[in-house]
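Chains, contacts and geometry: an overview
The chain contents come next:
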Amino acid sequence: MKAKIMTVVGARPNFMKAAPIIAAIREHNERMAALPNSMEVSNSPVVIESVMVHTGQHYDEAMSDRFFVDLCIPKPTVHLGAGSGSHAAQTAEIMKRFESVLLQEQPNLLIVVGDVNSTLACALVAAKISFDGNGTRPLIAHVEAGLRSFDRCMPEETNRILTDHLADLLFVTEESGIRNLQQEGIPDDKVHFVGNTMIDSLLAFRSKASTSHILDTLNLRGMDSAERPGNGVARYALLTLHRPSNVDHRESFLAILEGLEELASSCAVIFPAHPRTQQRIADFGLERFFDHVNGAGNEEKRSSTSTNGKICLLDPLGYIDCLCLMEHAAVVITDSGGIQEETTALGVPCVTVRENTERPVTIQVGTNILAGTSAEGIRQATRQQLKLGAEFAMPEAWDGKSAERILEVICRELGKQQQTSAS
Ligand code: UD1
C-alpha cells in the first residue's frame, strides 16, 4: 500500500511541533524498506509519501528559515508565500493558494498543527474540497487538539475550536483536551491522547542545545551565585512577549514593562523580541526600558552582566539558542503558549503574562503561574516563582514518543480508509 500525507506548517510555533512527525514518517519508510516483501504489514501503508507545505505566514530568516536548519527539517515541498496581513486577509490568502496545491497533490491525509491562522485556513480548505466531484477529500488530523483558554478574544481560540470541529483525527497533548472535546460533543473515537510533539523536539534537541554559544555571546557564564551554585551560569531571566493584547496597546505594554523593572534591577533580563514587539517598542516610544534596541547587541558580546534595571533586547533567536537560554534561566516570563509547556518539561519556573491559559497541566505540575497583566501581578508572581526549588513531574506521555504514537494511529486509519475504498 502507498499513501500520501501532507503536513502544513506556517508560523514559528508550528515548526517544532511538525518536525518529529516528519522524522517519524521518514523512519517509518526506512523500517518498511528494510522489511522483506513477504512481510508487508497488512492494513498499514508501506510507503508514505510525505509532502510538506509552508504557507509563508512567517517568512523571515529569524522567524522561519533558521528553524528548518535547527530542527533538521527538510525543505518544504511547496511554499505558498502568503505572508502577513489582517486575520481575514492572511487566512483568505492562505486558503486561496492552498486549494490548488491540495487539488494537485490529492493526499490521503492532511496534518495541521497548533492554533495559528495557517492551521485553520488549511483545515477549512481540506474539509470542503472534492477531489473527484463526489466529495472525496483527505482525512484531516489536528495535532494539539482540545486546548481551550475559554477566551474568545484570542484569535488562536477561534482557530482551535474551528479546527477541532473540522478534524477527523484529534491528537491531544494533555488530559484537559479530552474533557474539552467531550464537552463540545466530539465523538470519543476521533480523539487520541498521544502527548506533545513539541516536547518530542525538546527532548531530541536538548543535548544539541547544550553546545549553543549563546550563554557566552550574552556574557552569562562564569557567574556562580548563592541561588545557582556551581553550574557556572549567571542568574538571569528570559522574557518573551508578542500577544497583540499585551503589546499592541501602549498602556498594557507599559504596565508589563513597569512590572518587570524590579526583576531587571536584580538580574539580567534577556528579551529576544518578535518583530511585532520590536515595532511596538518604537511606535510607543518605550526604548528607555531597553538596552540594545533594534537588536544591536545580537552579534556583539554583552559588555557585562551588571544589572542596570534595563532589559536586554535582542532579535528573535533560533530554536537551539532559545532552548539553551530557557534551560538555564532562573525564571522565564512569557505570554507564549509553547514556552509554558517547554518550561514545564525543563522544570524551569515560568510566569505567564496572561489572565488564562489553554495549557492547565503546566499550572497543575507547578512550574507555571498566571500573573495577569498588571504591574503588581507580574512583580508578585515573579517573586514567588524565583523561590521555587522543587523537582517537578513530567506531564503524562510527554516522553519523546508522541509523533510515533500519532503515526501509528494514522497508519491504522489510512489502512481502514484504503480497505473501504477497495471494497
Ligand atoms: C502568530 C500566531 C500566534 C503565534 C505567533 C508566534 C496567529 C493568529 N497567530 O502570531 O498564535 O504565537 O505567530 O510568533 O496565527 N512578521 C515579520 N516576519 C515574519 C512574520 C511576521 O516581520 O516572518 C511581522 C509582520 O509585521 C506581521 C507581524 O509580525 O504583520 C505579525 O505576524 P502574524 O503572523 O500576523 O502574527 P504573529 O503575531 O506572529
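Since we're looking at a predicted model, the values are computed, not measured. The residue count restarts for each chain, going from 1 along the sequence in the order it is written. With pLDDT at 70 or above as the cut-off, local features in this predicted model cover only qualifying residues; side-chain atom pairs require 80 or more to be listed or tallied, and sums for whole chains, interfaces and linings still use all residues. Side-chain descriptors were evaluated using all non-hydrogen atoms of the structure, hydrogens and water having been removed beforehand.

Re the layout of surface pockets
Worth spelling out the cut-off: Definitions used throughout: a 1 Å grid over protein atoms alone; a cavity as a set of points that fits a 1.4 Å probe which cannot get out; a pocket as an open set with protein on both sides within 12 Å along at least five of seven lines; a lining residue as one with an atom within 4 Å of a point. Grid points are joined across faces, edges and corners, and a volume is the space filled by probe spheres set on the points. Secondary structure follows DSSP: runs of H or I at least 4 residues long count as helices, runs of E at least 2 residues long count as strands, and numbering of each begins at the N terminus. Polarity classes work like this: nonpolar for Ala, Val, Leu, Ile, Met, Phe, Trp, Tyr, Cys and Pro, charged for Asp, Glu, Lys and Arg, and polar for all others, with Gly in that last group.
Each pocket or cavity is described by its volume, and for the largest pocket that value is around 1,100 Å³. Counting residues per element, the ones that place at least two in the lining of the largest pocket are α1 (12–34), α2 (61–70), α3 (87–105), α5 (155–166), β9 (268–272), α11 (275–283), α12 (319–328) and α13 (337–346). In terms of residue class, the lining of the largest pocket is made up of 22 nonpolar, 15 polar and eleven charged.

Let's talk about the site of the ligand
Stated formally: Here, proximity means that at least one heavy atom of the residue falls within 4 Å of the molecule or strand. Pairs of N or O atoms within 3.5 Å make up the polar contacts considered here, provided that, within protein, one atom can donate a hydrogen while the other can accept it, and that residues adjacent in sequence are counted only when both atoms are side-chain atoms. Here, Shrake-Rupley sampling with a 1.4 Å probe gives the accessible areas, and only protein chains in the shown set may cover a residue. Pocket occupancy is defined atom-wise: a molecule lies in a cavity or pocket when more than half of its atoms are within 2 Å of its grid points.
Near the ligand there are 17 residues, and of these Gln57, His58, Asn117, Glu156 and His274 occur at the shortest range. For the ligand, an oxygen atom lies 2.7 Å from a polar atom in the side chain of His58. Notes on the ligand: free accessible area 740 Å², of which the protein chains cover 84%. When atoms are counted within 2 Å of each cavity's grid points, the one that captures over half of the ligand is the largest pocket. Its residues assigned to classes, the shell around the ligand comprises five nonpolar, eight polar and four charged.

Brief notes about the pattern of salt bridges
Defined as follows: Salt bridges are identified by distance alone: a Lys or Arg side-chain nitrogen within 4 Å of an Asp or Glu carboxyl oxygen. With a 1.4 Å probe rolled over the protein chains alone, any residue whose accessible area is under 20% of its type maximum counts as buried; one over 50% counts as exposed, and the rest are partly exposed.
Across all of its chains, the model carries 28 salt bridges by this definition. One salt bridge connects Glu30 with Arg26, and the closest N-O pair in it is separated by 3.7 Å. Here Glu30 and its partner Arg26 are both found in helix α1, four residues apart, which amounts to about one turn of the helix. Since its relative accessible area comes to 48%, Glu30 is described here as partly exposed. On the basis of relative accessibility, which here comes to 45%, the residue Arg26 falls in the partly exposed class. Through salt bridges with shared partners, one network takes in Lys17, Asp115, Glu144, Glu157, Arg160, Glu341, Arg354, Glu358 and Arg359.

What about the packing of helix α4 (residues 117–128) against α5?
Spelled out, the test is: Between the N-to-C directions of two axes lies an angle of 0 to 180 degrees, each axis being a line fitted to C-alpha atoms and, for a helix, fitted only over the stretch in contact. What sets the label is the angle itself: under 35 degrees gives roughly parallel, over 145 gives roughly antiparallel, 65 to 115 gives roughly perpendicular, and the rest give oblique. Two helices crossing with the near one rotated counterclockwise from the far one by less than a right angle form a left-handed crossing, whereas a clockwise rotation gives a right-handed crossing. Residue contacts follow a heavy-atom distance rule, with two residues in contact if any of their heavy atoms lie within 4.5 Å.
Put simply, α4 and α5 touch, their axes get as near as 9 Å, and they point 30° apart. In terms of orientation, α4 lies roughly parallel with respect to α5. Taken as a pair, α4 and α5 cross one another with a handedness that is left-handed. Within the contact between the two elements, α4 uses Asn117, Thr119, Leu120, Ala123, Leu124 and Ala127 and α5 uses Asn159, Leu162, Thr163 and Leu166.

Here's the deal with empty space enclosed by the protein
Take a probe with the size of a water molecule and roll it over the atoms, and the empty space left behind shows itself. For the coordinates displayed, the defined rule picks out one cavity of 30 Å³ or more. Volume-wise, the largest cavity comes out at about 40 Å³. Forming the boundary of the largest cavity are Lys17, Val143, Glu144, Phe171, Thr173, Gly195, Asn196, Thr197 and Met198. Looking at the lining of the largest cavity, the elements that each hand over two or more residues are β5 (139–145) and α7 (197–209).

Some details on the packing of α1 against α2
In the contact formed by α1 and α2, the axes pass within 9 Å of each other and the chain directions differ by 20°. Taken together, the axis directions place α1 and α2 in an arrangement best described as roughly parallel. For the pair α1 and α2, the crossing hand works out as right-handed. For the pair formed by α1 and α2, the contact residues are Arg12, Phe15 and Met16 on the first element and Met63, Ser64, Phe67 and Phe68 on the second.

A look at the packing of aromatic side chains
The test is simple: To pair, rings of Phe, Tyr and Trp, with the six-membered ring standing in for Trp, must have centres within 6.5 Å; the planes then decide the type, stacked if under 30 degrees apart, edge-to-face if over 60, and tilted in the middle.
Summed over all chains, the structure comprises four aromatic pairs. Plain terms: the ring middles of Phe15 and Phe67 are 6.1 Å apart, the flat faces sit at 40° to each other, and that makes the pair tilted. Pair noted here: Phe15 is in helix α1 and Phe67 is in helix α2, with a separation of 52 residues, a long-range link. Residue Phe67 is classed as buried on the basis of its relative accessible area of 2%. Chaining the aromatic ring pairs together yields one cluster made of Phe15, Phe67 and Phe68.

Side note on the environment of Asn196
Within the element layout of this structure, Asn196 appears in the loop between β7 (191–193) and α7. Measuring from C-alpha to C-alpha, the distance between Asn196 and Gly400 comes to 7.8 Å, with 204 residues separating the pair along the chain. Non-local contacts of Asn196, meaning those with residues more than four positions away in its chain, are made with Thr173, Glu341, Ala397, Trp398 and Ser402. Side chain to side chain, Asn196 and Glu341 meet in a polar contact 2.9 Å long.

Thoughts on the environment of Gly372
Here Gly372 shows up in the loop between β14 (368–370) and α15 (375–386). For Gly372 and Val353, which are 19 residues apart along the polypeptide, the C-alpha to C-alpha distance reads 5.4 Å. Not counting the four nearest positions on each side in its chain, Gly372 is found in contact with Thr352, Val353, Arg354, Glu355 and Ile378.

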